[in-house]
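Structural overview for review
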Amino acid sequence: MSEAPNFYELVGGEAGLHRLVDRFYEVMDSEPRAAGIRAMHTNLPRANQKLFEFLSGWMGGPQLFVEKYGHPRLRARHLPFPIGESERDQWIFCMIRAMHDVGIEEPLMVQIGNQLWGVADFMRNQPEAPSAQG
Ligand code: HEM
């Protein structure tokens, strides 16, 4: 009996996920397009550790975040930060760039990107200003 490999296995397990999350914050720290969300982060090593622990469980690997901190309450934890469409898109930009940079193949990148887009969109807590065209 064999089950389909989950995202955790497909990105290369613990070592692969560390490479991805490390690259994600390097991109956030260096890309002018991500300057808005970079400025919200006061402690990148801490954010790195927590995103690694969260994604480990989210991708089907060890539930490191839940074991340490209990239910993620991810949306509530993000309420202190104003997150709108722009911030969501900056976050996804960093993640797509990071997946590309660590060599994740495109079909897997699209699958993970789509799922994470839903999570990032759920973090939005700002009403969007109406467009200039009305
Ligand atoms: C949508 C745009 C997002 C923005 C602007 C954002 C921003 C932030 C910021 C500023 C922090 C605090 C970091 C620090 O301690 O300095 C944080 C924490 C965190 N973020 Fe996000 N985030 C976003 C989306 C996401 C998504 C999609 C995930 C998961 C897939 C995620 C997972 C986490 C986790 C696990 C923490 C640690 C929470 C805690 O224990 O306090 N974030 N985020």
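Overview of the structure. (Residues numbered from 1 in each chain as written. Predicted model: local features only at pLDDT ≥ 70, side-chain atom pairs only at ≥ 80, totals over all residues.)

Thoughts on helix α2 (residues 13-30)
For α2, with 18 residues, the first-to-last C-alpha span of 26 Å sits near the 26 Å given by 1.5 Å per residue. Within α2 the residues assigned to the buried category are Leu17, Leu20, Val21, Phe24, Tyr25, Val27 and Met28. Relative to the axis of α2, the buried residues are bounded by an arc of 155° and lie together on one face. Seen from the buried face of α2, the exposed residues on the opposite side, beyond 90 degrees, are Ala15 and Ser30. Looking at the buried side of α2, the elements it contacts are α1 (7-10), α3 (35-38), α4 (44-58) and α7 (85-101). (Helix = DSSP H or I, 4+ residues; strand = E, 2+ residues; numbered from the N terminus. Expected span 1.5 Å × (residues − 1). Buried ≥ 20, exposed ≤ 12 C-beta atoms within 10 Å, placed from the backbone. Arc of directions from axis to C-beta. Contact = placed C-beta atoms within 7 Å.)

Looking at the site of the ligand
With respect to spatial proximity, 23 residues lie near the ligand, and among them Met40, Lys50, Phe54, Trp91 and Ala120 are the closest. Where the shell around the ligand is concerned, the elements lending two or more residues are α4, α6 (74-78), α7 and α8 (106-122). The element best represented in the shell around the ligand is α4, accounting for five residues. Taken together, the residues of the shell around the ligand sort by class into 14 nonpolar, four polar and five charged. (Near = placed C-beta within 6 Å. Nonpolar A, V, L, I, M, F, W, Y, C, P; charged D, E, K, R; others polar.)

Re the packing of α7 against α8
Relative placement of two packed helices is described by the angle separating their axes and the distance separating the axes. Where α7 meets α8, the closest approach of the two axes is 10 Å, and the angle between their N-to-C directions is 160°. Put simply, α7 runs roughly antiparallel to α8. α7 and α8 meet at a crossing whose hand is right-handed. Facing α7, whose interface residues are Arg88, Trp91, Ile92, Met95, Ile96, Met99 and His100, α8 presents Met109, Ile112, Gly113, Leu116, Trp117, Ala120 and Asp121. Among the residues making up the contact of α7 with α8, the classes are represented as 10 nonpolar, two polar and two charged. (Axes fitted to C-alpha atoms, helices over the stretch in contact; angles between N-to-C directions. Parallel < 35°, antiparallel > 145°, perpendicular 65-115°, else oblique. Left-handed = near helix turned anticlockwise from the far one by under 90°.)

A word on the nonpolar core
Membership of the largest hydrophobic core comes to 22 residues, with the highest contact counts inside it found for Leu20, Phe24, Met28, Cys94 and Ala98. Among the elements of the structure, α2, α4 and α7 are those that each provide at least two residues to this core. Considering each element in turn, this core owes the most residues, seven residues, to α2. Leaving out residues up to four positions away in the same chain, Met28 has contacts with Ala34, Ile37, Arg38 and Cys94. (Core = buried A, V, L, I, M, F, W, Y, C linked by C-beta atoms within 7 Å.)

Focus: the environment of Val102
Here Val102 is to be found in the loop between α7 and α8. Here Val102 falls in the partly exposed class, since 19 other C-beta atoms lie within 10 Å of it. On a C-alpha basis, the gap between Val102 and Asn6 in space is 18 Å, while along the polypeptide they are 96 residues apart. Setting aside residues no more than four positions away along its own chain, Val102 makes contact with Arg19, Leu20 and Arg23.

Considerations on the environment of Gln90
Along the polypeptide, Gln90 turns up in helix α7. The buried category is assigned to Gln90, around which 21 C-beta atoms lie within 10 Å. Distance from Gln90 to Pro32, taken between C-alpha atoms, is 10.0 Å for residues 58 residues apart in sequence. The contacts of Gln90, once residues within four sequence positions are left out, are Arg33, Ala34, Gly36 and Ile37.

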